[in-house]
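Architecture at a glance
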Amino acid sequence: RDVAVTGVQTCALPIYLTARIEKTVAFLGTFKPEQIDGSEERDITLKMRTGEMKFKGQAYLQNFVQGNLYFHVTTAYAILRHNGVDVGKWDYLGR
């Protein structure tokens with residue numbers, strides 16, 4: 001959004017958030033394929049307030065992680081937009 005059009009100065013993505021993202025990407029880069037290979041059948045147990053949730057690795061990823069990931073990405077995107085950060089559809093899609 002342009003200040004001349006909206007009359008509102010937009011802010012840049014906070015530096016600490018950029019650093020945190022870079023740190024997370026670097027951490028993910030430390031995993032080796034053998035640490036992940038075969039994890040489709042690995043037992044996963046989450047301890048929740050309401051009790052334990054048990055999954056096999058692939059079901060955990062497809063039925064629990066993906067939904068939570070999309071929820072949090074969409075929520076963060078909406079908060080950034082609400083606070084005037086100049087992000088759009090292509091930022092959301094990672095392009």
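In case you missed it, the structure is sitting above this.
This text gives an overview of the structure that appears in the document. Please read these numbers as outputs of a predicted model, since none were measured by experiment.

Remarks on the overall build of the protein chain
For the protein chain, the count of helices and strands is 5 helices and 2 strands. The proportion of buried residues among the 95 residues of the protein chain is 9%. Taking as baseline every contact in the protein chain between residues at least 6 positions apart, the subset at least 24 positions apart corresponds to 21%.

Describing the pairing of strand β1 (residues 43-48)
Walk down a regular strand and you will see the side chains alternate between the two sheet faces. With 6 bridges joining them, β1 and strand β2 (residues 51-56) adopt antiparallel strand pairing. Bridging from a neighbouring strand, Asp 43 pairs with Lys 56 of β2. In sequence, β1 turns back onto β2 through a hairpin of 2 residues.

A few points about the packing of aromatic side chains
Between two aromatic rings, the relevant description is the distance of the centres plus the angle of the planes. Inspection of the entire model under this criterion finds 4 aromatic pairs. Aromatic pair Tyr 60 and Phe 64: ring centres 5.8 Å apart, planes at 15 degrees, arrangement stacked. One end of the pair is Tyr 60 and the other is Phe 64, both in helix α4 (residues 57-82) and 4 residues apart, which spans about a single turn. Every member of this aromatic cluster is reached through a ring pair, and the members are Phe 55, Tyr 60 and Phe 64.

A look at a nonpolar patch on the surface
A surface patch of nonpolar side chains, about 600 Å² in accessible area, is lined by Leu 69, Tyr 70, Val 73, Trp 90, Tyr 92 and Leu 93. Counting only elements with at least two residues in the nonpolar patch, the list comes to α4 and α5 (89-92). Summarising the element assignment, Tyr 92 is placed in helix α5. The class of Tyr 92 is partly exposed, set by a relative accessible area of 33%.

Cut-offs applied
Residues numbered from 1 in each chain as written. Predicted model: local features only at pLDDT ≥ 70, side-chain atom pairs only at ≥ 80, totals over all residues. Heavy atoms only, no water. Helix = DSSP H or I, 4+ residues; strand = E, 2+ residues; numbered from the N terminus. Buried < 20%, exposed > 50% of the residue type's maximum accessible area, 1.4 Å probe, protein only. Contact = heavy atoms within 4.5 Å. Pairing = 2+ DSSP bridges. Phe/Tyr/Trp six-rings, centres within 6.5 Å; stacked < 30°, edge-to-face > 60°. Patch = residues over 30% accessible without salt bridge, like charges linked within 9 Å, V, L, I, M, F, W, Y side chains within 5 Å. Areas by Shrake-Rupley, 256 points an atom, 1.4 Å probe, with all protein chains shown as cover. Salt bridge = Lys/Arg side-chain N within 4 Å of Asp/Glu carboxyl O.

By themselves these figures say nothing about function.
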